[in-house]
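Remarks on the overall topology
Chain by chain, the residues run as shown.
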Amino acid sequence: YVWRILPDRHGQLWIGTKNGLDRFNKADQTFQHYRHDPDNAHSLSHDNVISLLEDRTGRLWAGTAEGGVSVLDPATNRFRTLGIEEGLPAAHVATLLEDRQGYIWAGTPAGLARIDPISFAIKVLRKSDGLAGSNINRNASLLADNGELYIGTTKGITVFAPQSIEQGQKPPKVVITALRILNREMTVGMAGSPLTKAIEHTHELTPVSYTHL
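Attention in this report is confined to the structure presented alongside it. Everything numeric in this text was worked out from a predicted model, so none of it was measured.

Remarks on the overall build of the protein
What the protein contains, in helices and strands, is zero helices and 17 strands. Computed over C-alpha atoms, the radius of gyration of the protein comes to 21 Å, more than 25% over the 17 Å expected from 2.2 N^0.38 for 213 residues, which places it beyond the range of a compact globule. Along the three orthogonal principal directions, the C-alpha set of the protein runs to about 75 × 40 × 30 Å. Summarising the internal contacts of the protein: among those between residues at least 6 apart in sequence, 40% fall at separations of at least 24. Total accessible area on the protein stands at roughly 12100 Å², and carbon and sulfur atoms take up 51% of it. Positive and negative side-chain charges of the protein, numbering 22 and 22 respectively, have mean locations separated by a distance of 5 Å.

Points about the sheet that holds strand β4 (residues 30–34)
Strand order in the open sheet made by the four strands is β1-β2-β3-β4, with antiparallel pairing throughout. Looking at the sheet topology across the chains shown, the edges are occupied by β1 (2–7) and β4. Across the sheet, the mean angle separating the axes of adjacent strands is 20° when strand polarity is ignored.

Looking at the pairing of strand β6 (residues 60–64)
Two faces belong to every sheet, and in a regular strand the side chains alternate between them. Counting buried positions along β6 gives five out of five residues, so the element sits mostly inside the fold. Of the two faces of β6, the one holding Leu-60, Ala-62 and Thr-64 and the one holding Trp-61 and Gly-63 are both buried throughout. With five bridges connecting them, strand β5 (residues 49–54) and β6 associate as antiparallel partners. In the sheet register, Ser-51 faces β6, and the bridge partner there is Gly-63. Count of turn residues in the β5/β6 antiparallel hairpin: five residues, of which Gly-58 carries a positive phi of about 95°. For β6 and strand β7 (residues 69–73), the ladder comprises four bridges, and the chain directions are antiparallel. For Leu-60, the partnering residue across the bridge sits in β7 and is Leu-72. Joining the antiparallel neighbours β6 and β7 is a turn of four residues, in which Gly-68 adopts a positive phi near 70°.

Some thoughts on the nonpolar core
With 13 residues, the main nonpolar core has Trp-61, Val-69, Leu-82, Leu-96 and Ile-115 as its most contacted residues. Looking at this core, the elements that each hand over two or more residues are β7, β10 (104–108) and β11 (111–115). Each residue touching Leu-96, except ones within four places of it in the same chain, is listed here: Ser-51, Leu-52, Leu-53, Trp-61, Ala-62, Gly-63, Val-69, Ile-104, Trp-105, Ala-106 and Ser-141.

Some words on the sheet that holds strand β15 (residues 156–160)
If you trace the three strands from one edge of the open sheet to the other, you get β13-β14-β15, paired in antiparallel fashion. Only two strands of the sheet have a single neighbouring strand rather than two, namely β13 (136–143) and β15. Averaged over neighbouring strand pairs, the angle between their axes works out to 20° when direction is ignored. Sheet topology places β13 next to strand β14 (residues 149–153); four bridges connect them, and they run antiparallel.

Quick notes on the pattern of salt bridges
For the structure on display, the rule yields five salt bridges. Between Glu-54 and Arg-9 there is a salt bridge; the shortest N-O distance is 2.9 Å. Separated by 45 residues along the polypeptide, Glu-54 in strand β5 and Arg-9 in the loop between β1 and β2 (13–17) bring together distant segments of the chain. By relative accessible area, Glu-54 is classed as buried at 18%.

Description of the packing of aromatic side chains
Per the counting criterion, the structure on display carries six aromatic pairs. Centroid distance Tyr-1 to Trp-3: 4.9 Å. Interplanar angle 50°. Geometry classified as tilted. When its relative accessible area of 63% is taken as the criterion, Tyr-1 is described as exposed. Summarising the aromatic geometry, the rings of Tyr-34 and Phe-79 are spaced 5.6 Å apart at their centres and angled 90° between planes, so their arrangement reads as edge-to-face. Of this pair, Tyr-34 sits in strand β4 while Phe-79 sits in strand β8 (residues 78–82), and the two are 45 residues apart along the sequence. You'll find Tyr-34 and Phe-79 in the same group, each marked buried. Aromatic rings pair up to connect Trp-14, Tyr-34 and Phe-79 into one cluster. Geometry around Tyr-1 places Lys-18 over its ring, the cationic atom sitting 4.4 Å from the centre. Positioned above the aromatic ring of Tyr-103 is the side chain of Arg-114, whose terminal nitrogen or guanidinium carbon lies 4.4 Å from the ring centre.

About the thresholds
- Residues numbered from 1 in each chain as written.
- Predicted model: local features only at pLDDT ≥ 70, side-chain atom pairs only at ≥ 80, totals over all residues.
- Heavy atoms only, no water.
- Helix = DSSP H or I, 4+ residues; strand = E, 2+ residues; numbered from the N terminus.
- Rg over C-alpha atoms; globule rule 2.2 N^0.38 Å.
- Contact = heavy atoms within 4.5 Å.
- Areas by Shrake-Rupley, 256 points an atom, 1.4 Å probe, with all protein chains shown as cover.
- Lys, Arg positive; Asp, Glu negative; His and termini not counted.
- Charge placed at Lys NZ, Arg CZ, Asp CG, Glu CD.
- Pairing = 2+ DSSP bridges.
- Axes fitted to C-alpha atoms, helices over the stretch in contact; angles between N-to-C directions.
- Buried < 20%, exposed > 50% of the residue type's maximum accessible area, 1.4 Å probe, protein only.
- Core = buried A, V, L, I, M, F, W, Y, C linked by side-chain atoms within 4.5 Å.
- Salt bridge = Lys/Arg side-chain N within 4 Å of Asp/Glu carboxyl O.
- Phe/Tyr/Trp six-rings, centres within 6.5 Å; stacked < 30°, edge-to-face > 60°.
- Lys NZ or Arg CZ within 6 Å of the ring centre and 35° of its normal.

Below is the structure:
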């Protein structure tokens, strides 16, 4: 099952599949296979490779279904893994894109990650930051001729200039989207619910007894 095919600067083809990453040398018609090895920290992070990118330095970025991003250094033929522990919002990386400044953008079901190609520091953007939606669709990204990024989500497309995203910007506004009492989500009219209108339109709550819940 082939998800993605990417030609690199040397004319070789990189192929992302459900069973690992393959490099096809068209000159001698041979394959080199890359697979996840749990005993090797520098192997491919996960065998289901769904997105690919070659950056301006020649490194290959492989987005996986459950292992984050694996970055292959052609000089060492070793991978570096970026996952949730390194700051990605999700381990499923559906799309990869490089902007004009050299930043790598990784789309996931839980937000869009900007990755510094040198330090590998990660900044995450979500719907609360202005995206149409936080769930980025597979390979739904585009670098326009004017440098703007087009990001496709399950809620529509967001267009923005990547250089406008500042590291020191203020944190997004906190919004309460649900109310739970004793791990039960409260709705308007529900027995024991203090809500008289939708939570997003509620500014204060009146305490009630929950002993019967």
